[in-house]
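Coordinate analysis (summary)
What follows is the residue order along each chain.
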Amino acid sequence: MTEAGWIQLLTVLACGLGTFLLRALPFWWGLRQSTERSHLIRRWSSAIGPAAIAALLVASLFPLLWPAAGPTRALPTAVALAAVILLQRLRGGLAASTLLGTGVYALMLWVSG
């Protein structure tokens with residue numbers, strides 16, 4: 001594996017670890033705290049799903065800021081966002097819809113080359 005490949009792998013692993021810690025630490029902390037703080041943790045964690053979808057949307061729209069991106073870059077974002085909204089309406093919950101939207105976006109980028 002090249003040096004760039006190792007850097008990418010370590011970046012993905014660091015992002016995964018950071019995401020895990022952002023989700024797990026508040027719950028571990030909430031288990032050891034009072035009922036009032038536990039309620040605060042539940043309210044805070046309920047915003048994680050919508051924030052994750054917003055972050056994915058911003059990350060997919062960011063390349064469109066450059067004119068060289070072209071209008072075809074907007075299609076994967078639009079289709080992935082539609083998939084997220086559709087699954088959210090059908091099943092509820094944000095985990096499955098976020099995963100589906102990410103998968104649809106990655107698949108469309110891979111297909112479009």
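Okay, so let's go over this structure. Given the structure is predicted, the values throughout are model-derived calculations rather than measurements.

Rules used throughout
Residues numbered from 1 in each chain as written. Predicted model: local features only at pLDDT ≥ 70, side-chain atom pairs only at ≥ 80, totals over all residues. Heavy atoms only, no water. Axes fitted to C-alpha atoms, helices over the stretch in contact; angles between N-to-C directions. Helix = DSSP H or I, 4+ residues; strand = E, 2+ residues; numbered from the N terminus. Parallel < 35°, antiparallel > 145°, perpendicular 65-115°, else oblique. Left-handed = near helix turned anticlockwise from the far one by under 90°. Contact = heavy atoms within 4.5 Å. Nonpolar A, V, L, I, M, F, W, Y, C, P; charged D, E, K, R; others polar.

Section: the packing of helix α4 (residues 74-91) against helix α5 (residues 95-112)
At a minimum axis separation of 8 Å, α4 and α5 run at an interaxial angle of 155°. Put simply, α4 runs roughly antiparallel to α5. Classified by chirality, the crossing of α5 by α4 is right-handed. On the side of α4, the interface is formed by L75, P76, T77, V79, A80, A83, V84, L87 and Q88, while α5 contributes A96, S97, L100, G101, V104, Y105, M108 and L109. In the contact of α4 with α5, the residues fall into 13 nonpolar, 4 polar and no charged.

Comments concerning the packing of helix α3 (residues 48-61) against α4
Following both chains from N to C, one finds α3 and α4 inclined at 165°, their axes separated by 10 Å at the closest point. Here α3 is positioned roughly antiparallel relative to α4, judged by the angle of their axes. Of the two possible hands of crossing, α3 and α4 adopt the one that is right-handed. Contacts between α3 and α4 pair I53, L57, S60 and L61 from the former with T77, L81 and V84 from the latter.

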